[in-house]
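One-letter residues, chain by chain:
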Amino acid sequence: MLGPVIDLHSHSTASDGSLTPADLVARAAKEGVSALALTDHDTVAGIDEALAAASSAGIRLVPGVELEISFAPGEFHLLGLELRDWKGALAATCAGLADSRHERNERIFDRMREAGIEGDYGELRDASGGVVGRPHIADWLVARKAAKNRQDAFDKYLGKHRPFWSPKTCLPLDEAVAAVKRAGGLAFVAHPMSLFVSWARLRLLFGEWKEYGVDGIEAWHPGAREGACARLEKLAREFGFRVSAGSDFHGPGRPERRLGRTAGGRKIDDAYLACLER
Ligand code: AMP
Ligand code: ZN
Ligand code: FE
Ligand code: FE
């Protein structure tokens, strides 16, 4: 029998989630999640609200962040978990990332304009409550009837190397790890399958990450198959990494991501909280 469930990866309206930090925490509590990490993309702006909500709901809120790292061929995300000081240097790092994001988003709007889709990025920016990502731009394209749905917008226009795609400046791994550590947090490589590399290459990367001071691996993520997650967990433990698990919940609009559940719909046992022990 599984005990209480936890969830070490989620998003709010501070980035591209659809629930406010307070609503996200209330929903997690209602669904029996006893500990939730808020890990918004490139921002720590939702943490205070989430902490207050978690204190009323009687659950544990793990202050976190998700930073994008420069990498090819796939996507490299680094989670900072159990942050202790998210108002100092880390907030400044996030502000810098927000600037690069705005510049990238302006370039995406330039490309759309060249393709005959007129729009003002400033309006989208003002309308959104926080970090503006490609998912927001995808929704904007859907509202303009330039795409059928969010996924269609990514497949046609916004995915990597598609016509409106434009790279954004990301942090090198050493700087991101340092930023997380300065904030008193633990650094975890998120959903390694999204790096899009072979298992042989992944093994080499695990060795490199260890030297960079990465603390752990998010082995369990709904974007991967259960078999791959189990294999990641085994490899991570072999290297002496901490092992985390999350849902990457973005709100009720994405039913394949459920709070407290990970790959294959599997519940996240609270034994995974051990990865945060100091
Ligand atoms: P951004 O950080 O603004 O570049 O947006 C990245 C986010 O867009 C990711 O975290 C995913 O949620 C989403 N995303 C990226 N590529 C795709 C894709 N090919 N299909 C669907 N969503 C995607
Ligand atoms: Zn996201
Ligand atoms: Fe991610
Ligand atoms: Fe995420």
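Chemist: Could you give an account of the environment of K267, naming the residues involved and the relevant values?
Modeler: Within the element layout of this structure, K267 appears in the segment after β8 (242-245). A C-alpha to C-alpha distance of 29 Å links K267 and V177, two positions 90 residues apart in sequence.

Chemist: Could you give an account of the coordination of the iron ion (ligand 4), naming the residues involved and the relevant values?
Modeler: Protein coordination of the iron ion (ligand 4) is provided by H9 (NE2), H11 (NE2), E66 (OE) and D248 (OD), with donor distances spanning 2.0 to 2.2 Å. Each of the four donor atoms around the iron ion (ligand 4) contributes to a set of angles spanning 79 to 166 degrees, which defines the coordination as irregular. In the primary structure, the donors to the iron ion (ligand 4) are separated according to the pattern H-x1-H-x54-E-x181-D. Taken as a pair, the iron ion (ligand 4) and the zinc ion (ligand 2) lie 4.3 Å from each other. Of the two residues, H11 sits in the loop between β1 (5-7) and α1 (21-30) while D248 sits in the segment after β8, which places them 237 residues apart along the sequence.

Chemist: Requested: an account of the sheet that holds strand β4 (residues 65-69), with residues and values cited.
Modeler: The mixed open sheet is built from five strands, whose spatial order is β4-β5-β6-β7-β8. The open sheet is flanked by β4 and β8, the only strands paired with a single partner. Taking each pair of neighbouring strands and ignoring which way they run, the sheet shows an average axis angle of 35 degrees. As paired strands, strand β7 (residues 216-220) and β8 are joined by four bridges and run parallel to one another. In the strand pairing of β8, E218 is matched with S244. Each of β7 and β8 is contacted by helix α9 (residues 226-238), which is oriented at about 155 degrees to β7, the strand it contacts most.

Chemist: Report on the coordination of the zinc ion (ligand 2), specifying residues and quantitative values.
Modeler: Bound to the zinc ion (ligand 2) on the protein side are D16 (OD), D16 (OD), H41 (NE2) and H250 (NE2), at distances that span 1.8 to 2.5 Å. Geometry at the zinc ion (ligand 2) is irregular, judged from its four donor atoms and the angles of 52 to 148 degrees they form at the metal. Of note, the zinc ion (ligand 2) draws all its donor residues from one chain, in the sequence arrangement D-x24-H-x208-H. In this structure, the zinc ion (ligand 2) lies 5.9 Å from the iron ion (ligand 3). Taken together, the positions of D16 in the loop between β1 and α1 and H250 in the segment after β8 put the pair 234 residues apart, joining distant regions of the chain. On the basis of relative accessibility, which here comes to 12%, the residue D16 falls in the buried class.

Chemist: Report on the side chain of D42, specifying residues and quantitative values.
Modeler: Take D42: it is sitting in the loop between β2 (33-38) and α2 (47-57). Looking at D42, the relative accessible area reads 4%, which means it is buried. Sequence-distant contacts of D42, defined by excluding residues within four places in its chain, comprise V65, E66, L67, E68, C94, L97, R101, V131 and K168.

Conventions we followed
- Residues numbered from 1 in each chain as written.
- Chains lettered and ligands numbered in written order.
- Predicted model: local features only at pLDDT ≥ 70, side-chain atom pairs only at ≥ 80, totals over all residues.
- Heavy atoms only, no water.
- Helix = DSSP H or I, 4+ residues; strand = E, 2+ residues; numbered from the N terminus.
- Donors = N, O, S within 2.8 Å, 3.2 Å for Na, K, Ca; no water.
- Tetrahedral: all angles 85-135°; square planar, octahedral: opposite > 155°, others 65-115°.
- Pairing = 2+ DSSP bridges.
- Axes fitted to C-alpha atoms, helices over the stretch in contact; angles between N-to-C directions.
- Contact = heavy atoms within 4.5 Å.
- Buried < 20%, exposed > 50% of the residue type's maximum accessible area, 1.4 Å probe, protein only.

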